[in-house]
Amino acid sequence: MEQPVLTRIHEKLAAQRALYLVLLDPDSFPPDENARLAAMAADGGADIILVGGSLSLKGGMSETVREVKQSSGLPVVIFPGDLGFVVPEADAVLFLSLVSGRNPQLLIGEHVKAAPVLRNMGLEAIPTAYMLVEGGATTSVEFMSGTRALPRNKPDIAMAHALAAEYLGMQIAFMDAGSGAVSHVPEEMVRAVAGYVDIPVMVGGGIRKPEAAAMLVEAGAQLIVTGDVVERTGDLGLVSEIARAIHD
């Protein structure tokens, strides 16, 4: 039996300061192109591939995950917008609860439907507190979830949400400015949350340069997520620079 992804995350974090996760959207490209991008991400130093998004208009999730796993050789974890993203070919799924919002469907409703499916698939669920943070633009997550993002100048609100999630048993606190964000999550907020909880802090959205990734890691982020860097630029050199900034 393969080692659980969450266990591997903790073991790698014991050996290095942070991990690099690359997010691929199955709606952005066909499976073969996402497989090529995943291979590039692996060559550039990524540690984990996330597959998912807010909407699934084109389908093909199973094929995408299968090809991404084969091409990258990395753990593939689902970043689900809803139950339709969950497929057995993945290694694990972020069992996201949108704790920054007050939409009961995304706090517990989708989870009740998903839990038996995950059990039947034998798919590892990683309990993850998902906190949407203002990033300077209305994101797909904000619109689709019908929730407001946490104000970027109020780190105390983020701290309280993350701590409540930890006390509820969640294993990762994920602060996300969202796809297409103008600005990433502020370092001050990351530092405040990372210093307040004992679970790993994941940060994504609006991270496009190595310097930004390095600053967020210095602030306490242990898991850094990028999507646009690979999908929009396809620049192996830039991916490698971001990976080095995160790892070193």
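Fair warning: this is a prediction, and the values are worked out from it, not measured in the lab.

**Focus: the packing of helix α6 (residues 155-167) against helix α7 (residues 187-194)**
Orientation of α6 relative to α7, taken along the N-to-C sense of each, is 35 degrees, at an axis distance of 9 Å. Note that α6 runs across α7; the crossing there is right-handed. Residues Pro155, Ala158, Met159 and Ala162 of α6 form the contact with α7, whose participating residues are Glu188, Met189, Ala192 and Val193. Residues belonging to the contact of α6 with α7 are distributed by class as follows: 7 nonpolar, no polar and 1 charged.

**Structural notes on empty space enclosed by the protein**
Scanning all chains against the criterion turns up 1 cavity of 30 Å³ or more. The space that makes up the largest cavity amounts to roughly 30 Å³. Around the largest cavity, the lining residues are Val5, Ile9, Leu21, Ile48, Leu50, Val77, Leu94, Ile126, Ile172 and Met202. Those elements giving two or more residues to the lining of the largest cavity turn out to be α1 (5-15) and β2 (48-52). Per-class residue counts for the lining of the largest cavity are 10 nonpolar, no polar and no charged.

**Regarding the side chain of Ser72**
With respect to the element layout, Ser72 can be found in helix α3 (residues 61-72). A polar contact is formed between the side chain of Ser72 and the backbone oxygen of Val68, at a distance of 2.8 Å. Among the polar contacts listed, one links the side chain of Ser72 to the backbone nitrogen of Leu74, at a separation of 3.1 Å. Beyond its immediate stretch of four places on either side in the chain, Ser72 contacts Ala38, Ala39, Ala42 and Ile49.

**Describing the side chain of Asp27**
Relative to the helices and strands, Asp27 resides in the loop between β1 (19-24) and α2 (31-44). Setting aside its immediate chain neighbours within four residues, Asp27 contacts Leu55, Ser56, Leu57, Lys58 and Gly59.

**Description of the packing of aromatic side chains**
For the structure on display, the rule yields 3 aromatic pairs. A ring pair is formed by Phe79 and Phe174, whose centres lie 6.0 Å apart and whose planes are at 55 degrees; its orientation type is tilted. Residue Phe79 is found in strand β3 (residues 76-79), and its partner Phe174 is found in strand β6 (residues 172-176); the two are separated by 95 residues along the sequence. Assessed through its relative accessible area of 2%, Phe174 is described here as buried. Note on Tyr130 and Phe174: the rings are 5.3 Å apart at their centroids and 75 degrees apart in plane angle, and the pair reads as edge-to-face. One end of the pair, Tyr130, is in strand β5 (residues 124-132); the other, Phe174, is in strand β6, and 44 residues separate them in sequence. Of the two residues, Tyr130 and Phe174, neither departs from the other in class, the shared state being buried. An aromatic cluster of at least three residues, connected via ring pairs, comprises Phe79, Tyr130 and Phe174.

Reading the values: the criteria
- Residues numbered from 1 in each chain as written.
- Predicted model: local features only at pLDDT ≥ 70, side-chain atom pairs only at ≥ 80, totals over all residues.
- Heavy atoms only, no water.
- Axes fitted to C-alpha atoms, helices over the stretch in contact; angles between N-to-C directions.
- Helix = DSSP H or I, 4+ residues; strand = E, 2+ residues; numbered from the N terminus.
- Left-handed = near helix turned anticlockwise from the far one by under 90°.
- Contact = heavy atoms within 4.5 Å.
- Nonpolar A, V, L, I, M, F, W, Y, C, P; charged D, E, K, R; others polar.
- 1 Å grid on protein atoms, 1.4 Å probe; cavity = no way out; pocket = protein on both sides within 12 Å on 5 of 7 lines; lining within 4 Å.
- Points joined across faces, edges and corners; volume = space filled by probe spheres on them.
- Polar contact = N/O pair within 3.5 Å; in protein donor to acceptor, adjacent residues only side chain to side chain.
- Phe/Tyr/Trp six-rings, centres within 6.5 Å; stacked < 30°, edge-to-face > 60°.
- Buried < 20%, exposed > 50% of the residue type's maximum accessible area, 1.4 Å probe, protein only.

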